[in-house]
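If you want the building blocks of each chain, they are given just below.
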Amino acid sequence: MTKVCHLSSAHAPNDTRIFHKQCASLAKAGYQVSFVVKAKDAQSVGCTTQKGVQVIQVPVDSSSRLKRMLFGAKAVYQKALDTLPAFNAVKIDVKPKLR
């Protein structure tokens, strides 16, 4: 079975476009899907299964866009690496090329 892991530090766990249209559709098509996402609140942190998708909610400081971008993406990425042992992350160099 093919595994898919979707990471997001910006979207809600029940986001229509990400969760319903992408993750749930992939799960329905037979993929094993995990969605690692920022938690909507402190009580939501943890792992649940909805519509065949493993939803892992991570605490992310969303008090500002800058904090979410600097620290939230790293927290979500690290949780995926820690939680999903079969998750083979491809490291992408996102630093701008300097001339």
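Residues numbered from 1 in each chain as written. Predicted model: local features only at pLDDT ≥ 70, side-chain atom pairs only at ≥ 80, totals over all residues. Heavy atoms only, no water.

Let's talk about the environment of Gln50
- Residue placement: Gln50 occurs in strand β3 (residues 46–50).
- For Gln50, a relative accessible area of 34% translates into the label partly exposed.
- Residues Gln50 and Ala24, 26 residues apart in the sequence, show an inter-C-alpha distance of 8.3 Å.
- In contact with Gln50, not counting residues within four places along its chain, are Phe19 and Val55. (Helix = DSSP H or I, 4+ residues; strand = E, 2+ residues; numbered from the N terminus. Buried < 20%, exposed > 50% of the residue type's maximum accessible area, 1.4 Å probe, protein only. Contact = heavy atoms within 4.5 Å.)

Some remarks on the state of the cysteines
- Throughout the structure, instances matching the rule amount to 0 disulfides.
- The closest cysteine sulfur to the non-disulfide-bonded Cys5 is located on Cys23, 8.8 Å from its own sulfur. (Disulfide = S-S within 2.5 Å.)

Considerations on the pairing of strand β4 (residues 53–58)
- Of all 6 residues that make up β4, 5 are buried, and the element is covered over most of its length.
- Relative to β4, strand β2 (residues 32–38) runs parallel, the two being bridged by 6 bridges. Its bridge partner being in β4, Val37 is matched across the sheet by Gln57.
- Taken together, the 5 bridges between β3 and β4 define a ladder with antiparallel strand orientation. What sits directly across from Thr48, in β4, is Val55. (Pairing = 2+ DSSP bridges.)

Quick word on helix α1 (residues 16–28)
- For α1, which comprises 13 residues, the first-to-last C-alpha distance of 16 Å sits more than 12% below the rise-based estimate of 18 Å (1.5 Å per residue).
- Considering only its buried residues, α1 is in contact with β1 (3–8), β2, β3 and β4.
- Structurally, the start of α1 carries an N-cap: the backbone nitrogen of Arg17 is 3.2 Å from a side-chain oxygen of Asp15.
- Following α1 by one or two positions, Gly30 has its phi on the positive side, about 105°. (Expected span 1.5 Å × (residues − 1). Polar contact = N/O pair within 3.5 Å; in protein donor to acceptor, adjacent residues only side chain to side chain.)

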